[in-house]
Amino acid sequence: MSIFLDKNCNPKQLSPQTLAFMGDSVYDLLVREYIINEANRPVGELNKRKVKYVNCESQAVSAKYIMDILTDEEIAVYKRGRNALVKTAPKNLSLADYHSATGLEALFGYLYLNGENERIKELFSKCVEIINNIAT
């Protein structure tokens, strides 16, 4: 996954919310690619499968279990995202899960903007493995 625009962007200078904004899209795109590679299905079925991976609870659980394989720099980015001030959060979700998911998204946004594609693949594979194990 390479950056499409030829603009220089220093992710260290971006707010955690901005990193999470980007990371949300990166993570969502990875999930979509993952599920269409499983099998060709109707779009409605693809969306149902996507929700298994792209939700606060699954992302929060993934974040918890990947902590031990993150570098110090990645943990710092995750914590910046997790601790970011949010003005609104969905009513039906745990605020702790929402913050953890935001941290994970910030991490994926940071890695993407830093061009760390192999690390993104490694962490995403681990997230998928975790989610698949807790869902069964």
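The structure we're discussing is the one just above.
Residues numbered from 1 in each chain as written. Predicted model: local features only at pLDDT ≥ 70, side-chain atom pairs only at ≥ 80, totals over all residues. Heavy atoms only, no water.

**Structural notes on the overall build of the chain**
Stage number 1. A tally of regular secondary structure across the chain gives six helices and zero strands.
Stage number 2. Ordered by position from N to C terminus, the α and β elements of the chain give α-α-α-α-α-α.
Stage number 3. With the C-alpha coordinates of the chain rotated into their principal frame, the extents come out at 40 × 35 × 30 Å.
Stage number 4. Burial status across the chain gives 38% buried among its 136 residues.
Stage number 5. Taking the intrachain contacts of the chain between residues at least 6 apart in sequence as the baseline, contacts between residues at least 24 apart amount to 70%.
Stage number 6. Put simply, the chain shows about 8,200 Å² of open surface, and 53% of that area lies on carbon and sulfur atoms.
Stage number 7. Of the charged side chains in the chain, 17 are positive and 17 negative; the average position of the first set lies 6 Å away from that of the second. (Helix = DSSP H or I, 4+ residues; strand = E, 2+ residues; numbered from the N terminus. Buried < 20%, exposed > 50% of the residue type's maximum accessible area, 1.4 Å probe, protein only. Contact = heavy atoms within 4.5 Å. Areas by Shrake-Rupley, 256 points an atom, 1.4 Å probe, with all protein chains shown as cover. Lys, Arg positive; Asp, Glu negative; His and termini not counted. Charge placed at Lys NZ, Arg CZ, Asp CG, Glu CD.)

**As for the side chain of K50**
Stage number 1. Mapped onto the elements of the fold, K50 is located in helix α2 (residues 43-53).
Stage number 2. On the basis of relative accessibility, which here comes to 16%, the residue K50 falls in the buried class.
Stage number 3. Sequence-distant contacts of K50, defined by excluding residues within four places in its chain, comprise D28, V31, R32 and I35.

**Section: helix α3 (residues 56-66)**
Stage number 1. When α3 is considered as a whole, its buried residues turn out to be C56, S58, Q59, A60, S62, A63 and I66.
Stage number 2. Backbone nitrogen of E57 and a side-chain oxygen of the N-cap are separated by 3.1 Å at the start of α3; the cap is N55. (Polar contact = N/O pair within 3.5 Å; in protein donor to acceptor, adjacent residues only side chain to side chain.)

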